[in-house]
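Report on the structure
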Amino acid sequence: MDILNSPWITICSDVLAILMISALLIRSSHIWKKEPGYRLLRGMLFSSMADALCNAVCYFLHDKRFAGAYTLAVISQTALEIAIVSILCHWLLFVDYQLYSSRDHLKRHYRPYLMPVPVFVLLHIVNAFTGILYTIDAGLRCERSIFYNVILIIEYCYVVISLAVILKYRKEHGSARFFSAMPMILPLVAAVAISELTPHSFVALGFAVGLVNIYLYLKRSRKYYEEETGFFNVAYLEYIKTLEEKGERGRGVMIRISSDGDNKAVSDILRQELPADAEVIFMGKGRYLMFAGNKNRQFANLVNVMLQDAVEEYNAGNPQAKIRIKADIISGNER
């Protein structure tokens, strides 16, 4: 057997990808949180596992001769392609959520981008009966058509769009907090390049390495988050001070928020009413600090009015559990 061309190289790569993802799913409690960001990450992890499993089956079937082998090859290749579509779609949504932390932002901006997804899935399913994208040859190998390559390029445009979203965010808000796409992009690009230049496929392993990198990257940032409220904690205030001392950020508007009543209700109101790009720090005992760059006191006054309106609405519906929120401007530009 020609070792350099052996399908077992790809199969071992896929098994390694499955083991990496399985270990992460089993050992990490954070992965199973209900937060949208972790749900999207789980979607990518499960899709990557399906991709690796189906790819391993496809390569195992090369040159095999047994009843049902051809049907299994077609099913595995179809499921593999759909899994890739799922990963890329989840990735785009994941990037946006990491930047803006807003489900509403996802709903408002990404419907047009998601519309082609059912079309891609349908094309891969139809291909199983027509071969318009790719066929399975006598050796049970995938033979791509030109149309397949076009569709694949369009699918991978989701990665390009995600990079455009990051650049747009940086232009408007500066560098993203505790998030970089490179831990995912670099292994994926390397895996795709090697796969195109060799008889082997390392795409599943590229996805797995990238996703593990992203998880570890996010885990390091969790030390700045307060679990109960979902806002930053006091440690993040020290991080801000360090950046200000280095001249890497300005202070902008700073608002001190004090509250009485149910912490969850207060947190929900702050999350809904405060700007998506505002930095909110939970100081303990109903006290918060909000930072908003490139804003002025007029903006701060508007925020205070919005908070009071939200509090009045909440108290009207919950007369037995009223809350109070008071916002005081500590610093900010006059204009």
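This structure is a prediction, so every number in the text was calculated from the model and none was measured. Along each chain, residues carry numbers from 1 onward, in the same order as the chain's sequence is written. Local features in a predicted model are, by the rule used here, given only for residues with pLDDT of at least 70; side-chain atom pairs are given and counted only at 80 or more, and totals for whole chains, interfaces and linings are based on all residues. Side-chain numbers come from the whole structure's heavy atoms, not from hydrogens or water.

**Here's the deal with the domain arrangement of the protein**
Convention followed: The split into domains, and so the bounds of each, comes from an automatic or database assignment of domains.
Once the domains are mapped, the protein shows domain 1 (3-222) and domain 2 (234-334). When each unit is reduced to the centre of its C-alpha atoms, the spacing between domain 1 and domain 2 is 38 Å.

**A few points about the environment of Leu-88**
Here is the rule we go by: By definition, any uninterrupted DSSP run of H or I lasting at least four residues is a helix, any uninterrupted run of E lasting at least two residues is a strand, and each is numbered from the N terminus. The classification of residues rests on relative accessible area computed with a 1.4 Å probe and restricted to protein chains. Under 20% of the type maximum is buried, over 50% is exposed, and intermediate values are partly exposed. Residues count as neighbours in contact if any of their non-hydrogen atoms are within 4.5 Å of one another.
As for its position among the elements, Leu-88 is in helix H3 (residues 69-100). A relative accessible area of 2% means that Leu-88 is categorised as buried. When near neighbours in sequence (up to four residues on either side) are disregarded, Leu-88 contacts Glu-155, Tyr-156, Tyr-158, Val-159 and Phe-207.

**Quick notes on the packing of aromatic side chains**
Filter applied, for reference: Pairs were defined over the aromatic rings of Phe, Tyr and Trp, the Trp ring being its six-membered one, requiring ring centres within 6.5 Å. Orientation was assigned from the angle between planes: stacked under 30 degrees, edge-to-face over 60, tilted for the rest.
The final tally for this structure, using the stated rule, is 14 aromatic pairs. With a centroid separation of 5.6 Å and 90 degrees between ring planes, the pair formed by Tyr-134 and Tyr-148 is classed as edge-to-face. With Tyr-134 in strand S1 (residues 134-136) and Tyr-148 in helix H7 (residues 146-173), this pair connects stretches of sequence that are 14 residues apart. Between the aromatic rings of Tyr-224 and Tyr-239, the centroid separation amounts to 5.2 Å while the plane-to-plane angle is 45 degrees, which identifies the pairing as tilted. Pair noted here: Tyr-224 is in the loop between helix H9 (203-221) and helix H10 (234-245) and Tyr-239 is in helix H10, with a separation of 15 residues, a long-range link.

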